[in-house]
Amino acid sequence: MTTRHPLDLSALPPAQRPPAVEFDGLLAELTFNSKPIINNLTRIAGENTSVHTAIATVLELRLALAPPPLRIPLLYLLDSVLKNIGEPYIARVKSNLFRTFKKAYDGMAHEDAQRVRRMLKTWGPIFGSEMLTLLTKTADDLDAKSAQNSHAHRVMHAPNEPVGFLPPPTAARSALRVPHAATQLEGHPFAAAGAAPAGAHMDEWQRQQYEETTAAALQGEIHAIISEIAARGAAGLPPTLDQLHKLDNFVNMQLNVVSNDQAIAQLRSLKLQIRDMFASLGVTAPSPPQPPLRPAAPSHHAPPP
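Predicted model only: the values in this text are computed from it and were never measured.

Caption draft 1: The overall build of the chain, seen in detail. When helices and strands are tallied, the chain shows 13 helices and zero strands. Reading the chain from its N end, one meets helices and strands in the order α-α-α-α-α-α-α-α-α-α-α-α-α. Here the chain holds 305 residues, and the buried ones make up 40% of them. Within the chain, residue pairs in contact and separated by at least 24 positions form 69% of the contacts whose partners lie at least 6 positions apart. If you sum the accessible surface of the chain, you get close to 17700 Å²; carbon and sulfur atoms cover 56% of it.

Structure, rendered in structure tokens:
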């Protein structure tokens, strides 16, 4: 989860700052592309045109501060306000549009950049063909810059690996070995048919079989996501946040069921790589899950008089 810092609203007149803070608090809900949230925020912007400068300033500042994956919903909200409310927002946004767009577009993943380009094509009637040409040229220049820099830095230590990508699935497979006896799974991916549920009464042999089966299932899920990430890497694309969250969760679960020291070490190394990939997207990796707190044992001491 990213840290949401307070905005510097000192450039606004004092009377505009309270509504700016209030709108910024409402904007905190928009962490993904949610049509209901965007519609609600658009209505709020429409009902408060008297403080349009405060609302537009908050949107511009959040677009400048947000990591690339979180800019898309903010841009969609801006687009909705411009198309559904119009003035006075159009004139206010246009006055700073070049700088706002450049900061928002810079560093975006390829898929998100394509979404923004499709949205940009609809802005001609709003801002005019001259502004649209300028913004399109800016996007072209930033894409060219991104392509030139894509191989300049390596997040992973392996040679010739795309920035921020896991090693090939074959390498991860050799690092995360589990017994081959429990690889035939049916039904739920984390339990073999007929396997006892976690926590059920099992003798040692049953527990070992259950843990081996679960480890094998998790290993399959991990390999599948690594393959997806590697495929995106081959196309020059970074992993998605959804892929990283799923991979991180599966690795955490795998750590709970493996007992081999080498496998544990490799999984922890994989966790570090996942953390680096979250960082490459401007997002803080989730904290590892903590074991649940146990209730305190009842005291046998007599209460004080």
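Caption draft 2: Summary view of helix H13 (residues 261-280). In this model H13 runs 29 Å from its N-terminal to its C-terminal C-alpha over 20 residues, within 8% of the 28 Å that 1.5 Å per residue would give. All buried positions along H13 are accounted for by Ala263, Ile264, Leu267, Leu270, Lys271, Gln273, Ile274, Met277 and Phe278. Within two residues after H13, Gly282 carries a phi angle of roughly 80 degrees, on the positive side.

Caption draft 3: Up close: the nonpolar core. Residues Phe23, Leu27, Leu77, Trp123 and Phe127 are the most contacted members of the largest nonpolar core, which totals 47 residues. Examining the composition of this core, we find that seven residues originate from one element, helix H4 (residues 71-84), more than from any other. Excluding anything up to four places from it in sequence, Leu27 contacts Arg4, Leu41, Val58, Leu59, Arg62, Leu74 and Leu77. The next biggest cluster of nonpolar side chains, apart from the first, holds 18 residues, and it includes Ile225, Ile226, Phe250 and Leu281.

Definitions and limits used
- Residues numbered from 1 in each chain as written.
- Predicted model: local features only at pLDDT ≥ 70, side-chain atom pairs only at ≥ 80, totals over all residues.
- Heavy atoms only, no water.
- Helix = DSSP H or I, 4+ residues; strand = E, 2+ residues; numbered from the N terminus.
- Buried < 20%, exposed > 50% of the residue type's maximum accessible area, 1.4 Å probe, protein only.
- Contact = heavy atoms within 4.5 Å.
- Areas by Shrake-Rupley, 256 points an atom, 1.4 Å probe, with all protein chains shown as cover.
- Expected span 1.5 Å × (residues − 1).
- Core = buried A, V, L, I, M, F, W, Y, C linked by side-chain atoms within 4.5 Å.

Functional significance is not addressed by these values, which are geometric in nature.
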